[in-house]
Amino acid sequence: MTTIEKKSLNFLLIFTTFCIFAINALAQTSHTFSGRATGVNANVSVLGAVSVNTTIAQTDNLPATGGTGGGLTKQVLSGNVSFGLLSSSNNLNTGVINTMTSGGSAAGTPDSSQSESSVNALNSLLLGNTITADVVRANTQCSGTNGTPSCTGNTVITNLRINGTLINVNTTTSVSLLGGVGTVFINEQTVSSTGQTRNITVNALRISLSSVNLLVADIIISQSQSGITAAAGSNICTPITTVTEGDLFAGGIVSYGVTSDSGSVTIDHVNAGTGLQSLTVVGTPVNAVVNIPAYTPGTYNPVVVTFTPIDPNLGVDFTLRAASTFHAANVRARCLAPTPSPTATPTPTAMPTPTPTATPTPTPINICTPITTVTEGDLFAGGIVSFGITSASGLVTVDHVNAGTGLQSLTVIGSVNATVVISPFSLGVYDPVNVTFLPLDPNLSVDFTLRAASTFHAANIRVRCGTPTPTPTATPTPTPTGTPTPTPIPGITSFSGRATSITIDSLVAAVTLNDTGNLPSNGGFINRTLLTGSLLGGTLTTSNLDATTQAAFDQSRSQAIVQNLTFLINGEVITASLIPVSTQCTCPAANTPPDCAGGVMIDNLRLNGTFIPITLVPNQTVQMPNGGQLIINEQVRTASGNGGTLTINGVHVSIPGISDVIFSRSESGIFCGSNVSADPGDVERASNIKRR
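(A) Summary view of the nonpolar core. F83, I131, V136, L205, I219 and I221 are the most contacted members of the largest nonpolar core, which totals 43 residues. Taken together, the elements giving at least two residues each to this core come down to β1 (32-46), β7 (109-126), β8 (129-145), β9 (148-158), β13 (182-194), β14 (197-211) and β15 (215-229). Looking at this core element by element, the count peaks at six residues for β14. Here I219 is in contact with V40, N41, A42, F83, L92, L126, L205, R206 and I207, once residues within four sequence places are set aside. Residues A576, V600, V622 and V653 belong to the second largest nonpolar core, which totals 39 residues.

What follows is the structure, given as structure tokens:
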């Protein structure tokens, strides 16, 4: 090769490298963020004096590049606003205040920023008016897609009372104070937008006082602010990942946690076995440069695989193979091509304007409220009752019970047609963790599985949304018959369920507290919560109560929880930190008897101060010194043909002739009809778990 040819080749290589670098640089355009959260912000002028500004639990400003933790999260145990010379007759106090703001890839939300402020136990006396609330919370979120920003915000206030009157915060926007001294504004929202930038501020409560020459004040309780400047469209996307069984022994699907983020896929081998021994690209990636970092064979640590689209206008598709000594899994990662911006079509001139053809309504994004199916994980038994699972539109919430080692791991085990984002959380957390999802194709159904684990217990949470109902055509709609099709299906699947936190049948009263009621036979979702409970003249007290029953597809599931129980009865004292109970019944196939399972995970149960070990054996009985007994994990099963039910009472206090009290009662039932079919994914996952 001549010198000229070599120089030409070198120039070509340099030019090609520069072009690829330029394409990648264009593809990596990112959003910029803003955000801040404040627990209390008060501007107060007393007796005409100079105003004093007080802020409590205010976070730092969110950097433009995003972030999480550190000064972006604040907590104070109590708050107080001073009113100077008028403090003897005016006060504003709070309990615990938590504030946070986060955004960007560092927070696990590469396309959004979010903020939240939560003020507990508000108690104030202002110019003769009392304002109290159990919880005052404000949330905001801003996200960007292909250069388009969007922001949402909301307020949650429980038990707001003004001068003793309970206020319906869902229908009330402002309340005038007695004596004409001011106004309380509820869920005050301000949105501003310029080009590709949008900001939102939500004040959960704003108290405006205007008693001239006495007290003038503007006090905000829970303020949340978020903003984003949306980057122009690029295809550095968060890919959808599909995990399938590999070419070794079965068990690959549950051996690896797989999550995805903007331009990356993370492979995390479970903390058992021989660890990750091999991670390779299978075949030739489509439109992607894939980079697998160096790692130590046998590692249990997550390995982050990054990728960059070669052409940002095209989709991405590649497959990874992860293997230990005995198990392997194939992980397919895909990004759809960006939606092109519509080309402006010139309006015809000098022609009569035709009657416009009705443009079909765009297919709605299939952001649905999914059905969740919880099965035992791959660790010791107890995963089903260790985690409370609820769902909302585009959201699944995983909540570890307030006992044990807390949530240690939350990962995605395979995903079909969904981008799944797990909110950041601290290891060992007892607080709920939100998992959001967005369908890639709104015309297809969504199906993904989460694995939640503490140190000793794990649960697999399958999340499914059906295909959206297509827009009706001009065909006349037949008269409804009350069944899914005109011809009734014999033996159609039906459900039952109910959850109750406290049930009392005594000489004094017959009461149920925090009861879902019966689940409809066609399924659904019912949840009931109470922040505190007090019955029988204060001899029975609790903190949080929660009851949930739900059913769809092939499963019925219920859960009841009682926290911080104190019960005085017949000269004896029963206490417990936590009493959670869970039941579920699942159809393994059509026209077959169901499988029903459940259990309890009771923490710190004591009788007259003496700790009671929980054996987990059904119907554990403890005799009470003054007569009667405690029945722990009391279980009742019924079975008839292809139907079955399971009822579990967490703690049943039975004192004949005096009282019969049940703490945490969960009931689930299902009849497996001909319209249920076994799901190969469920069967495969269950068999893998048993083998492990």
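Next comes the rest of the account.
(B) Molecular detail of the state of the cysteines. Inspection of the entire model under this criterion finds three disulfides. Shown here is the disulfide that connects C587 with C672, its sulfur atoms set 2.0 Å apart. Because the torsion about its S-S bond is -95°, the bridge between C587 and C672 counts as left-handed. In this pair, C587 is assigned in the loop between β39 (572-586) and β40 (595-600) and C672 in the loop between β46 (659-671) and α4 (680-691), connecting sequence segments 85 residues apart.

(C) Spatial organisation of the side chain of H400. As for its position among the elements, H400 is in strand β26 (residues 395-400). In this view, H400 contacts S386, F387, G406, L407, V429, Y430 and S454; residues no more than four positions away in its chain are not counted.

(D) Quick look at the pairing of strand β18 (residues 264-269). Among the six residues that make up β18, five are buried, leaving the element largely enclosed by the rest of the structure. Summarising the sheet, strand β17 (residues 256-261) and β18 pair through six bridges and their orientation is antiparallel. When the bridges of β18 are listed, G257 appears paired with D268. Between the end of β17 and the start of β18, which pair antiparallel, lie two residues, with G263 showing a positive phi angle near 70°.

(E) Here's a closer look at the pattern of salt bridges. All chains considered together, the criterion is met by eight salt bridges. Across the salt bridge formed by R321 and D247, the nearest N and O atoms sit 2.9 Å from each other. Placement of the pair is R321 in strand β22 (residues 316-323) and D247 in the loop between β16 (240-245) and α2 (252-255), with a sequence separation of 74 residues. Between R462 and D447 there is a salt bridge, with its nearest N and O atoms 2.4 Å apart. You can see R462 sitting in strand β31 (residues 458-465) and its partner D447 sitting in strand β30 (residues 446-453), a full 15 residues away along the chain. A residue is classified by how much of its surface remains accessible, and R462, at 7% relative accessible area, is buried.

(F) Seen up close, a nonpolar patch on the surface. On the surface, a nonpolar cluster with roughly 320 Å² of combined accessible area is contributed by L248, F249 and F326. Among the structural elements, L248 can be located in the loop between β16 and α2.

(G) Spotlight on the sheet that holds strand β33 (residues 510-515). Read across the sheet, six strands follow the order β33-β32-β46-β45-β44-β43 without closing on themselves; strand pairing throughout is antiparallel. The open sheet has two edge strands, β33 and β43 (620-623), and neither has a second partner. Here the strands of the sheet are splayed against their neighbours by 20° on average, with no regard to which way each runs. Pairing of strand β32 (residues 494-506) with β46 involves 12 bridges; the strand directions are antiparallel. Each residue of the ladder has a partner; that of F495, found in β46, is I670.

(H) Molecular detail of the confidence of the model for the protein chain. Overall, the predicted model of the protein chain reaches an average pLDDT of 80, with 82% of residues at or above 70. Low pLDDT (under 50) marks residues 1-28, which in the prediction has 13 contacts with non-local residues, meaning those over four places away or in another chain.

(I) Spotlight on the environment of Q189. Structurally, Q189 can be placed in strand β13. When its relative accessible area of 37% is taken as the criterion, Q189 is described as partly exposed. Spatially, the C-alpha atoms of Q189 and I200 are 7.1 Å apart, while their sequence positions differ by 11 residues. Of the polar contacts made by the side chain of Q189, one reaches the backbone oxygen of G153; its length is 3.2 Å. A polar atom in the side chain of Q189 sits 3.1 Å from the side chain of N187.

(J) Summary view of unusual backbone geometry. Of note, the phi angle at A121 is positive, near 55°, even though the residue is not glycine. We note that N633 has phi near 60°; this positive angle belongs to a residue other than glycine. Among the secondary structure elements, N633 is positioned in strand β44 (residues 629-640).

Scoring rules and cut-offs
- Note that residues are indexed from 1 along each chain, following the sequence as it is written.
- Local features in this predicted model are restricted to residues whose pLDDT is 70 or higher, and side-chain atom pairs enter the listing and the counts only when it is 80 or higher, whereas totals over whole chains, interfaces and linings include all residues.
- For the side-chain quantities, the full set of heavy atoms in the structure was used; hydrogens and water were omitted.
- Within this scheme, the nonpolar core is defined by two criteria: the residues are buried Ala, Val, Leu, Ile, Met, Phe, Trp, Tyr or Cys, and they are joined through side-chain atoms within 4.5 Å.
- Think of it in three bands: with a 1.4 Å probe and only protein chains considered, a residue is buried below 20% of the maximum accessible area for its type, exposed above 50%, and partly exposed in between.
- To qualify as a helix, a DSSP run of H or I must reach at least 4 residues; to qualify as a strand, a run of E must reach at least 2; elements of each kind are numbered from the N terminus.
- The contact criterion used throughout is that any non-hydrogen atoms of two residues lie within 4.5 Å.
- The disulfide criterion is simple: two cysteine sulfur atoms within 2.5 Å.
- Strands qualify as paired when DSSP identifies two bridges or more between them.
- By definition here, a salt bridge exists when the distance from a side-chain nitrogen of Lys or Arg to a carboxyl oxygen of Asp or Glu is within 4 Å.
- Residues enter patches when they are more than 30% accessible in relative terms and free of salt bridges; like-charged ones are connected within 9 Å and nonpolar ones (Val, Leu, Ile, Met, Phe, Trp, Tyr) within 5 Å.
- Areas reported as accessible are Shrake-Rupley estimates using a 1.4 Å probe. Residue values count occlusion only from the protein chains shown.
- Comment: axis = line fitted to C-alpha atoms, over the contacting stretch for helices; angle = value between 0 and 180 degrees taken between N-to-C directions.
- Here pLDDT means the predictor's own confidence in every residue, given as a number from 0 to 100.
- Polar contacts here mean pairs of N or O atoms no more than 3.5 Å apart (in protein, one a potential hydrogen donor and the other a potential acceptor; neighbouring residues in sequence count only if both atoms are side-chain atoms).

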